[in-house]
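Okay, here's what each chain looks like letter by letter:
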Amino acid sequence: MSGGIYEIRNTVNGKYYVGRAECFRTRFNRHRYELRHGRHHCLYLQRAWTKYGEEAFDFVEVAECDLEAAIQLETERLQSGDERLYNVSRFSSGGDLLSQHPEREQIIARRNGGARRRMASLTLQERVRLYSWAGEQNGMYGRRHTEAARQQMSETTRRTVKRGAEHPSFGLKRSATTRAKLSKIASARLGQKNPFYGKSHSQATKDKLAAGRRGRQPTNVRAVVADGLQYPLVRDAARHLGISSALVIYRIKSPKYAYSYAATAPQGQAEQSAS
């Protein structure tokens, strides 16, 4: 019994499948059996076999070596970046079988559908029991983030552009390909495709959401300068001046009035102006 690295070469287009075996003869026989019956695990190789026929492929012993050397050599070949490879995985003994798979999108869709059906079949109590990590099961139970960790997370997620700390995505232009992909994803959640379609929050949930947002300012809030006075919000300027918020915005956009958006609002002045 001899083994090592082998190739299944397509003599028509020069592409090939690389693998390792403890016994070349046994492994070759297994490949032929699966390919002839249309059940080979490598879909690229199976499609080529079906298209070109068995006579277009050669089974070649590349190097005879022990298992350890064969694993190392196979890994090097798979990760060489050779576009002629039929192999789906780029790692010895499996690894990532999805990224290079020709039916990647269909597999992801089937996985997502299965996960949704699984979650829909469970009651709330069953989901909590199976997937939640409450109490001592939670990895952060009884622990606290350090001040350095909190500061780092704060800097990463800060969105307050008016204070000079721009969000990482601020001003980022998406490519046409990315926009089309995002649009396609969004279209899959419209109407009856939306998992919340036809549903509504209970009053208890509405009260909870309202309580959580009470007192919080919108992330896009901008201070307003009106006739030399500065207000933290358009709403505050409208109330102080006795006009509507829409009229304040109109005057900001119009060159006839001394109204404008301010980059920052001094805390003391804003509170005094709004009072």
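Each chain carries its own residue numbering, running from 1 in the written order of its sequence. A pLDDT threshold of at least 70 governs which residues receive local features in this predicted model, and a stricter bar of 80 or more applies before side-chain atom pairs are shown or counted, although totals over entire chains, interfaces and linings include all residues. Hydrogens and water are ignored here; the side-chain numbers use all heavy atoms of the structure.

Quick look at the sheet that holds strand β1 (residues 4–10) now. By this definition, two strands are paired if DSSP reports at least two bridges between them. A helix here means a DSSP run of H or I that spans at least four residues, while a strand means a run of E at least two residues long, and both kinds are numbered starting from the N terminus. Pairing is antiparallel across the open sheet formed by three strands, whose spatial order is β2-β1-β3. The open sheet is flanked by β2 (16–21) and β3 (57–64), the only strands paired with a single partner. Ignoring strand direction, the axes of neighbouring strands in this sheet form an average angle of 25°. Where β1 and β3 come together, seven bridges link them in antiparallel fashion. Its bridge partner being in β3, isoleucine 8 is matched across the sheet by phenylalanine 59. Where helices are involved, their axes are fitted lines through C-alpha atoms of the stretch in contact, as for all axes, and angles between N-to-C directions lie from 0 to 180°.

Attention now goes to the pattern of salt bridges. Basic side-chain nitrogens of Lys or Arg form a salt bridge, by our definition, when they fall within 4 Å of a carboxyl oxygen of Asp or Glu. Summed over all chains, the structure comprises ten salt bridges. A salt bridge links arginine 84 to aspartate 82; the shortest N-O distance between them is 2.9 Å. Note on exposure labels: buried denotes an accessible area under 20% of the residue type's maximum, exposed denotes more than 50%, and partly exposed covers the range between, all computed with a 1.4 Å probe on protein chains only. On the basis of relative accessible area, aspartate 82 is assigned to the buried category, the value being 18%. Across the pair aspartate 236 and arginine 235 runs a salt bridge whose closest N-O atoms are separated by 3.8 Å.

Take the packing of helix α1 (residues 24–36) against helix α2 (residues 43–52) next. Where α1 meets α2, the closest approach of the two axes is 10 Å, and the angle between their N-to-C directions is 70°. In terms of their interaxial angle, α1 and α2 are classed as roughly perpendicular. As for the relative orientation of α1 and α2, their crossing is right-handed in sense. Contact residues: Glu34, Leu35 and Arg36 in α1; Leu45, Gln46 and Trp49 in α2. Basically, the charged four are Asp, Glu, Lys and Arg, the nonpolar ten are Ala, Val, Leu, Ile, Met, Phe, Trp, Tyr, Cys and Pro, and anything else, Gly included, counts as polar. Tallied by class, the residues present in the contact of α1 with α2 amount to three nonpolar, one polar and two charged. What sets the label is the angle itself: under 35 degrees gives roughly parallel, over 145 gives roughly antiparallel, 65 to 115 gives roughly perpendicular, and the rest give oblique. It is the rotation of the near helix from the far one that decides the hand of a crossing: anticlockwise by less than a right angle makes it left-handed, clockwise makes it right-handed. Between two residues, a contact is recorded if the distance between any of their heavy atoms is within 4.5 Å.

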